[in-house]
Amino acid sequence: MRTHYDNLKVSKDAPIEVIQAAYRSLAKKYHPDVNKDNPDAARIMKIINSSYEILSDPQKRKEHDSWIIKETWRERAEATLKQNAPTPTQEVKKDKKSLITKIIDLIFSIFSLLRLGLGFCVIGFVVYAIISGIYKTSVSLTDSKNDNTQITAPSKPKNLINSINVCDSSIQNIKWPVSSTIFNQKDRRNGLSSLTLDNTQNNEDIYVRFTFEEDKNTSKFLRDVFIPAGNYAVLEKIPVGIYRVKTQNTKTGCVQISEPITMIERKTATGIEYSDNSLTFYPVINGNTHFSTLPASQF
């Protein structure tokens with residue numbers, strides 16, 4: 001993913017003065033009037049002009065920043081899907097063959113000691129029983145390894161509560177609203193920034209808690225909101241700070257947490273710049289978002 005910041009060789013938090021200086025420097029270097037022998041000069045200058053037009057306009061820059069965030073999350077979601085792709089079962093089959101070979105060698109060793117007809121019958125039965133058992137075990141391992149079905153509505157919620165309590169099935173007993181609803185807003189709400197929680201790409205209802213970065217491993221939160229599948233909600237008037245978004249699937253009770261989200265406010269020559277972020281939730285294998293898992297006790 002290449003951005004207008006990359007084209008002007010500046011950081012994403014660069015003030016307008018730095019962007020202007022970078023533009024002037026690149027314009028002097030690539031302007032067609034001073035690069036008549038370079039056939040790519042006009043094309044490069046067109047890119048530089050386009051990037052400067054976007055980044056020098058506060059509204060266009062804000063829209064570009066929102067696009068960068070969405071693209072970053074989309075790439076992470078695709079990477080997660082690839083990581084969760086099924087792995088070959090060749091190693092399982094190889095282990096199966098190795099075990100069978102060892103057992104057959106053992107049987108023939110015993111056979112060499114027992115040369116009676118009764119010994120033949122007993123050994124033959126043992127060979128059949130052991131190999132049959134190993135074959136069933138191997139098939140079971142292979143089938144479970146190839147099972148990539150996404151968990152949606154388990155018939156026994158209590159089985160979802162694992163050793164680290166990532167899921168809490170008691171959430172299934174709550175009667176949720178039919179539309180996006182903000183329940184609590186405990187912070188001062190005196191900021192200028194906003195965060196759009198986009199659940200339009202997701203196929204599950206989620207309960208969201210918005211919290212400070214330092215409270216990520218506790219159950220403290222600033223705001224909480226319910227967002228049905230195919231809907232979105234907007235958190236407004238967010239003060240400067242670093243935050244996290246925690247999500248809980250209302251069917252499974254499984255909890256996940258986002259990467260840090262920074263809200264900024266800074267004065268510029270044209271006014272005050274502030275954050276207008278957007279967070280899109282995508283369905284992925286073995287989880288309802290592309291976030292990291294979190295114990296339910298820390299939700």
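Higher on the page you've got the structure.
Residues numbered from 1 in each chain as written. Predicted model: local features only at pLDDT ≥ 70, side-chain atom pairs only at ≥ 80, totals over all residues. Heavy atoms only, no water.

### A few points about the side chain of S275
Note on placement: S275 falls in the loop between β10 (271-274) and β11 (276-280). Within the local environment of S275, its side chain forms a polar contact with the backbone nitrogen of I264, the two atoms lying 2.9 Å apart. When sequence neighbours within four positions are dropped, the list of residues in contact with S275 reads S193, S194, T262, M263 and I264. (Helix = DSSP H or I, 4+ residues; strand = E, 2+ residues; numbered from the N terminus. Polar contact = N/O pair within 3.5 Å; in protein donor to acceptor, adjacent residues only side chain to side chain. Contact = heavy atoms within 4.5 Å.)

### Looking at the packing of aromatic side chains
Overall, the coordinates contain 8 aromatic pairs when judged by the stated rule. On the numbers, 4.6 Å between centres and 20° between planes, the contact of F210 with Y243 is stacked. Note that F210 is positioned in strand β3 (residues 206-212) and Y243 in strand β6 (residues 241-249), a separation of 33 residues in sequence. The exposure classification of F210 matches that of Y243, with both residues buried. Ring-pair connections join several aromatic residues into one group, and the members of that group are W176, F183, Y207, F226 and F299. Between the NZ or CZ atom of K186 and the centre of the ring of F221, over which it lies, the distance is 3.9 Å. (Phe/Tyr/Trp six-rings, centres within 6.5 Å; stacked < 30°, edge-to-face > 60°. Buried < 20%, exposed > 50% of the residue type's maximum accessible area, 1.4 Å probe, protein only. Lys NZ or Arg CZ within 6 Å of the ring centre and 35° of its normal.)

### Quick notes on the packing of helix α2 (residues 16-30) against helix α3 (residues 41-55)
Taken N-terminus to C-terminus, the directions of α2 and α3 make an angle of 170°; their axes are 10 Å apart at the nearest point. Here α3 runs roughly antiparallel to α2, going by the angle between their axes. In contact with I16, I19, Q20, Y23, L26, A27 and Y30 of α2, α3 contributes A41, I44, M45, I48, N49, Y52 and L55. Residues belonging to the contact of α2 with α3 are distributed by class as follows: 12 nonpolar, 2 polar and no charged. (Axes fitted to C-alpha atoms, helices over the stretch in contact; angles between N-to-C directions. Parallel < 35°, antiparallel > 145°, perpendicular 65-115°, else oblique. Nonpolar A, V, L, I, M, F, W, Y, C, P; charged D, E, K, R; others polar.)

### Comments concerning the nonpolar core
Among the nonpolar cores identified, the biggest contains 19 residues, and L195, L197, V208, F210, V245, L279 and F281 are the most heavily contacted of them. Of all the secondary structure elements, the ones that give two or more residues to this core are β2 (193-198), β3, β4 (223-227), β5 (232-238), β6 and β8 (261-263). Sequence-distant contacts of V208, defined by excluding residues within four places in its chain, comprise L197, R223, D224, V225, I227, V245, K246, T247 and F281. (Core = buried A, V, L, I, M, F, W, Y, C linked by side-chain atoms within 4.5 Å.)

### Concerning unusual backbone geometry
The backbone phi angle of K9 is positive, close to 60°, even though this residue is not glycine. Here K9 lies in the loop between α1 (4-8) and α2. Non-glycine residue R189 carries a positive phi angle of around 55°. Structurally, the position occupied by R189 is in the loop between β1 (181-185) and β2. The exposure class of R189 is partly exposed, given its relative accessible area of 28%.

### Focus: the pairing of β6
On a regular strand, one side chain projects to one face of the sheet and the next to the other, so that they alternate. With 8 of 9 residues buried, β6 is to be regarded as a mostly interior element. Here 7 bridges tie β3 to β6, and the two strands are oriented antiparallel to one another. Counted as the bridge partner of Y207 is Q248 from β6. With 3 bridges connecting them, β6 and β8 associate as antiparallel partners. Residue pairing for β8: Y243 is matched across the bridge by I261. Both β6 and strand β7 (residues 255-257) contribute to a ladder of 3 bridges, which runs antiparallel. The partner of K246 across the bridge, within β7, is I257. Here β6 hands over to β7 after 5 residues, with G253 in that stretch at a positive phi of 80°. (Pairing = 2+ DSSP bridges.)

### Overview of the state of the cysteines
Going through the model one piece at a time under the given rule, you end up with 1 disulfide. There is a disulfide in this structure between C167 and C254, and the S-S distance comes to 2.0 Å. With the S-S dihedral at roughly 90°, the linkage between C167 and C254 falls on the right-handed side. Separated by 87 residues along the polypeptide, C167 in the loop between α6 (117-145) and β1 and C254 in the loop between β6 and β7 bring together distant segments of the chain. (Disulfide = S-S within 2.5 Å.)

### Comments concerning the layout of surface pockets
In this model, the largest pocket occupies a volume close to 790 Å³. Along the wall of the largest pocket there are 32 residues; nearest its centre are D65, I69, T262, S275 and N277. Contributing elements (two or more residues each) for the lining of the largest pocket: α4 (58-83), β8, β9 (265-268), β10 and β11. Looking at the lining of the largest pocket element by element, the count peaks at 11 residues for α4. Split by residue class, the lining of the largest pocket holds 12 nonpolar, 10 polar and 10 charged. (1 Å grid on protein atoms, 1.4 Å probe; cavity = no way out; pocket = protein on both sides within 12 Å on 5 of 7 lines; lining within 4 Å. Points joined across faces, edges and corners; volume = space filled by probe spheres on them.)

### Considering the pattern of salt bridges
Inspection of the entire model under this criterion finds 7 salt bridges. The shortest N-O distance in the salt bridge between R223 and D187 comes to 2.8 Å. Residue R223 is located in strand β4, and its partner D187 is located in the loop between β1 and β2; the two are separated by 36 residues in the primary sequence. For the pair shown, R223 and D187 are each scored as buried. The salt bridge involving E213 is made with R244; its shortest N-O contact spans 2.6 Å. Of this pair, E213 sits in the loop between β3 and β4 while R244 sits in strand β6, and the two are 31 residues apart along the sequence. Each of R61, R266 and E273 takes part in one network of salt bridges that share partners. (Salt bridge = Lys/Arg side-chain N within 4 Å of Asp/Glu carboxyl O.)

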